[in-house]
Amino acid sequence: MSRPVIGIATQTLEAIPGELPPCWIMGQKYVHALRSSGAIPWLIPLIPDDLSTLREIYQRLDGIFLTGGVDVDPSQYGEHRASYCGRTDPPRDAVEIQLIRWSLVDRKPILAVCRGIQVVNVALGGNLFQDVASQRPGSIKHDYFPTKEAPARDYLAHSIRTMQGSRLRAYLGEAPVLVNSMHHQAIKNLAPGLVVTAVAPDGVIEGVEGSNGHYLLGVQWHPEELTDRDGGMQELFTSFVRAATPVNP
Ligand code: MN
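> Explain the coordination of the manganese ion here, please?
Note on metal geometry: ideal angles are 109.5 degrees for four donors arranged tetrahedrally and 90 or 180 degrees for six donors arranged octahedrally. Here the manganese ion is held by the protein donor atoms His142 (ND1), His158 (NE2), Ser181 (OG), His183 (NE2) and Glu206 (OE), which lie 2.3 to 2.4 Å from it. Each donor residue of the manganese ion belongs to the same chain, and together they define the spacing H-x15-H-x22-S-x1-H-x22-E. Placement of histidine 142 in the loop between helix 5 (132-135) and strand 8 (158-162) and of histidine 183 in the loop between strand 9 (177-179) and strand 10 (186-187) is noted, with a sequence separation of 41 residues between them. Under the relative-accessibility criterion, histidine 142 is labelled buried at 2%. For histidine 183, a relative accessible area of 3% gives the class buried.

Printed below as a string of structure tokens:
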């Protein structure tokens, strides 16, 4: 068996505006989590206007990993941007949504975290809260974004509960699990083809899976920050890499 190639779309960044040309970047932690789980991580340029090249890249991939990042542009789900919506990256939206749609057709495995679960829901026809705190009164705090004073990305902010029969239940068990929480948006209306497989105590959707057996798993937290302390979080990556591993005849 050969190691699966896992594509990771990047994010646009102007490192030094006006001085350097725009860059495509990605956080190293995601790359290391996939690499140490047995995958070959492969960063993907944001070239939504060159579909033939993007398609050639896609065809060389065994699976897709969708990372955290900026907000999905509300135009992708038919809404105007509210004042509480954050920065967006439309070329990233377009590339990720295209990769997800191709993967659904071919049943290529998808693992999605944070922004990733949100863009999966949008790609399949769902929508998002542009800001949970503003649009969903009574919710617990989910936006524990690291600051200079408190930079811990592995801070366990709240619990989640997994659903019986789900992949997440198999990896994380029946008891409530503490997770980190660095998001201010969340799934509002669930897309067709997805089922909710984890929720926070306030009912905010924290995990979704494909309803047809396709390895399509999204979580709202950041398991790549928790793999050292929690075998279940590592199992999210291990099982994904296993599902994407090419079977040689
Ligand atoms: Mn949360």
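> Please explain the packing of helix 3 (residues 90-106) against helix 4 (residues 115-123) as it appears in this structure.
Each pair of packed helices can be summarised by the angle the axes make with each other and by the distance between the axes. At a closest axis distance of 9 Å, the pairing of helix 3 and helix 4 adopts a crossing angle of 70 degrees. In this view, helix 3 runs roughly perpendicular relative to helix 4, as classed from their interaxial angle. As helix 3 runs across helix 4, the sense of the crossing is right-handed. Two secondary-structure elements touch here, helix 3 through Arg92, Asp93, Glu96, Ile97, Ile100 and Arg101 and helix 4 through Arg115, Val119, Val120, Val122 and Ala123.

> Explain the packing of aromatic side chains here, please?
Enumeration over the complete set of coordinates arrives at five aromatic pairs. Ring centres 5.8 Å apart and planes at 55 degrees place the aromatic pair tyrosine 30 and phenylalanine 65 in the tilted group. Here tyrosine 30, found in helix 1 (residues 28-36), pairs with phenylalanine 65, found in strand 5 (residues 63-66); they are 35 residues apart in sequence, far enough to count as distant. Summarising the burial analysis for this pair, tyrosine 30 and phenylalanine 65 share the class buried. Their ring planes at 45 degrees and their centres at 5.3 Å tell us that tyrosine 58 and tryptophan 102 sit as a pair that is tilted. Within this pair, whereas tyrosine 58 is found in helix 2 (residues 51-59), its partner tryptophan 102 is found in helix 3, the two being separated by 44 residues in sequence. According to the relative accessible area criterion, tyrosine 58 is buried, its value standing at 1%. Ring pairing ties together the aromatic residues Tyr30, Phe65 and Phe237, which thus form one cluster. Looking at arginine 55, its charged tip hangs above the ring of tryptophan 102, at a distance of 5.0 Å from the centre. A cation over a ring is seen here: lysine 141 above tyrosine 144, with NZ or CZ 5.0 Å from the ring centre.

How each quantity is defined
- Each chain carries its own residue numbering, running from 1 in the written order of its sequence.
- Local features in this predicted model are restricted to residues whose pLDDT is 70 or higher, and side-chain atom pairs enter the listing and the counts only when it is 80 or higher, whereas totals over whole chains, interfaces and linings include all residues.
- Calculation of side-chain values draws on the structure's entire complement of heavy atoms; hydrogens and water are dropped beforehand.
- Only N, O and S atoms count as donors, using a 2.8 Å limit from the metal and a wider 3.2 Å limit for Na, K and Ca, and since water is excluded some coordination spheres may look unfilled.
- Helix numbers and strand numbers start at the N terminus; a helix is a DSSP run of H or I with at least 4 residues, a strand a run of E with at least 2.
- Residue burial is assigned from relative accessible area. The probe radius is 1.4 Å, only protein chains are included, and a residue is buried under 20% of its type maximum, exposed over 50%, and partly exposed in between.
- Here an angle of 0 to 180 degrees is reported between the N-to-C directions of two axes, which are lines fitted to C-alpha atoms, with helices fitted over the stretch in contact.
- Roughly parallel means an angle under 35 degrees; roughly antiparallel means over 145; roughly perpendicular covers 65 to 115; every other angle is labelled oblique.
- Handedness of a helix crossing follows the sense of rotation of the near helix relative to the far helix, less than a right angle counterclockwise being left-handed and clockwise being right-handed.
- The contact definition used throughout considers only heavy atoms, calling two residues in contact when any of these lie within 4.5 Å.
- Any pair of Phe, Tyr and Trp rings, taking the six-membered ring for Trp, is counted once the centres come within 6.5 Å. Such a pair is stacked with planes under 30 degrees apart, edge-to-face with planes over 60 apart, and tilted for the rest.
- Two conditions define a charge located above a ring, namely a distance within 6 Å from the ring centre to NZ of Lys or CZ of Arg, and an angle within 35 degrees of the ring normal.

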